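Spelled out from the first residue to the last, the chains are:
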Amino acid sequence: MRSAAVVGTGLIGTSIALALRGRGVTTYLIDTNPEAARMAADLGAGIAGRPREPVDLAIIAVPPQYVAAALKEHQLQELAHDFTDAASVKESPQREAAAAGCDLTRFVGGHPMGGREQSGPLAARDDLFQGRPWVLTPSPQTRAQTVERAEKLAELCGARPVVMAHAEHDRAVALTSHTPHLVSSLLAARLLHGDQSQLGLAGQGLQDVTRLAGGSVELWTDILGSNAVAVADVLAEFAHDVHLVVDALRVLGTAREPEQRRASTDRLSTALLRGVQGRARIPARSTGGLSLSTAYATAPRGV
């Protein structure tokens, strides 16, 4: 791959562009906010503006709800021979692209599994995807050359290409990324009810579990809404577990009967043990594994 264009110069798009430039790929930067594209260019991510002739591959690095429109626009303008995207939801953008009449033979969905809680081009890093999975979701119409170019893109960024079905991907990120972000936000919101003397006791543990809550509200409303059913399914199971623990704690706080207290203590211990066991299943970062996805553009406001 000799040339590429990145549409959307936020954290993800600029990080992709930096990695490509580091591997000698001529990279063009396109954004609805020209200042964001110029900022990315100043960081060494590529050339701000459109190429004079089609590049090998265009990467649509915008939030999920804008992927189909951006793909349609830039295919009509013949920006590239092949196209992929970097959105964290795959099923709804694919469906919308088909409804919009996009050329699906030259498009393969993609999702680099890396990110940070910061957003914008200044937060970008050329090693953001190093050692990470990069999910590709080809459709039956996708031609082999398009998939090969998207695989090459992942490899140039230091990532490991992984092929998945659209729905399979969305269920996976609902469990490993989207629901964790929402749970982190809900927990952080409880701090609005604490007084300053209580918050003054906060330590690193609270910082760790609420870190994800610092993400862009607009972007995460889009992501969660685009993957609503899969996230709701995981959140409902989580809520069931929370209710069981709440009941156990209520009993421990009020009951005097030893049998009742023993049963509730066992239930609480089981919940904590299952947490230890679940955390142990997370692959080490160096070996890959699905993780947080974050901001794609400086603001989720179009293509």
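In the block above lies the structure referred to throughout.
Residues numbered from 1 in each chain as written. Predicted model: local features only at pLDDT ≥ 70, side-chain atom pairs only at ≥ 80, totals over all residues. Heavy atoms only, no water.

Asker: Any details on the overall build of the protein? Residues and values, ideally.
Answerer: Along the backbone of the protein there are 11 helices and 8 strands. Of all intrachain contacts in the protein linking residues separated by at least 6 positions in sequence, the fraction that spans at least 24 positions is 76%. For the protein, the exposed area adds up to about 15,100 Å²; of that, 53% sits on carbon and sulfur atoms. Of the charged side chains in the protein, 30 are positive and 31 negative; the average position of the first set lies 3 Å away from that of the second. (Helix = DSSP H or I, 4+ residues; strand = E, 2+ residues; numbered from the N terminus. Contact = heavy atoms within 4.5 Å. Areas by Shrake-Rupley, 256 points an atom, 1.4 Å probe, with all protein chains shown as cover. Lys, Arg positive; Asp, Glu negative; His and termini not counted. Charge placed at Lys NZ, Arg CZ, Asp CG, Glu CD.)

Asker: Residues and numbers for the nonpolar core, please.
Answerer: Core analysis: the biggest nonpolar cluster contains 32 residues, and Ile16, Leu20, Ile59, Phe129, Trp134 and Leu153 have the highest contact counts within it. Elements with a minimum of two residues in this core: strand 1 (3–7), helix 1 (11–22), helix 2 (34–42), strand 4 (55–60), strand 7 (133–137) and helix 5 (144–156). Considering every element that reaches this core, the biggest residue donor is helix 1, with 7 residues. Leave out the neighbours within four places in its chain, and Trp134 touches Ile16, Gly110, His111, Pro112, Phe129, Leu153, Ala154, Cys157, Ala159, Arg160, Pro161 and Val162. Counting residues in each nonpolar core, the second largest holds 21 residues, with Ala58, Ile60, Leu71 and Cys102 among its members. (Core = buried A, V, L, I, M, F, W, Y, C linked by side-chain atoms within 4.5 Å. Buried < 20%, exposed > 50% of the residue type's maximum accessible area, 1.4 Å probe, protein only.)

Asker: A description of the sheet that holds strand 6 (residues 107–112) should follow, citing residues and the corresponding values.
Answerer: In space, the 8 strands of this open sheet follow the order 3-2-1-4-5-6-7-8, with mixed pairing throughout. What marks the edges here is a single partner per strand, and that holds for strand 3 (47–48) and strand 8 (160–163). As paired strands, strand 2 (residues 26–30) and strand 3 are joined by 2 bridges and run parallel to one another. If you follow Tyr28 over to strand 3, its bridge partner there is Ile47. Together, strand 1, strand 2, strand 4, strand 5 (80–85) and strand 6 form the strand contacts of helix 3 (residues 67–76), whose direction differs from that of strand 5 by roughly 175°. (Pairing = 2+ DSSP bridges. Axes fitted to C-alpha atoms, helices over the stretch in contact; angles between N-to-C directions.)

Asker: Describe the environment of Arg125, naming the residues involved and giving the relevant values.
Answerer: Tracing the backbone shows Arg125 in the loop between strand 6 and strand 7. When its relative accessible area of 34% is taken as the criterion, Arg125 is described as partly exposed. Considered as a pair, Arg125 and Ser15 are 110 residues apart in the sequence and their alpha carbons are 5.0 Å apart. A polar contact of 3.0 Å, which involves the side chain of Arg125, links it to the side chain of Asp127. (Polar contact = N/O pair within 3.5 Å; in protein donor to acceptor, adjacent residues only side chain to side chain.)

Asker: Break down the environment of Arg267 for me, citing the residues and quoting the values.
Answerer: Note that Arg267 resides in helix 11 (residues 258–280). For Arg267, a relative accessible area of 40% corresponds to the partly exposed category. Each C-alpha atom, one on Arg267 and one on Gly203, is 27 Å from the other, the two residues being 64 residues apart in sequence. Ignoring anything within four residues of it in the chain, the contact list for Arg267 reads Leu244, Asp247 and Ala248.

Asker: Please set out the side chain of Ser15 residue by residue, giving values where relevant.
Answerer: Residue placement: Ser15 occurs in helix 1. From its side chain, Ser15 meets the backbone oxygen of Leu11 in a polar contact 2.7 Å long. Engagement of the side chain of Ser15 in a polar contact is seen with the backbone nitrogen of Arg125, the distance being 3.0 Å. Aside from chain neighbours lying at most four places away, what touches Ser15 is Gly10, Ala124, Arg125, Asp126, Leu128 and Phe129.

Asker: With reference to specific residues and values, describe the packing of helix 3 against helix 4 (residues 91–99).
Answerer: Helix 4 packs onto helix 3 with a crossing angle of 40° between their chain directions and a minimal axis gap of 8 Å. In terms of orientation, helix 3 and helix 4 fall into the oblique class. Between helix 3 and helix 4 the crossing geometry is right-handed. On the side of helix 3, the interface is formed by Val67, Ala68 and Leu71, while helix 4 contributes Pro93, Glu96 and Ala97. (Parallel < 35°, antiparallel > 145°, perpendicular 65-115°, else oblique. Left-handed = near helix turned anticlockwise from the far one by under 90°.)

Nothing here speaks to function; it is all geometry.
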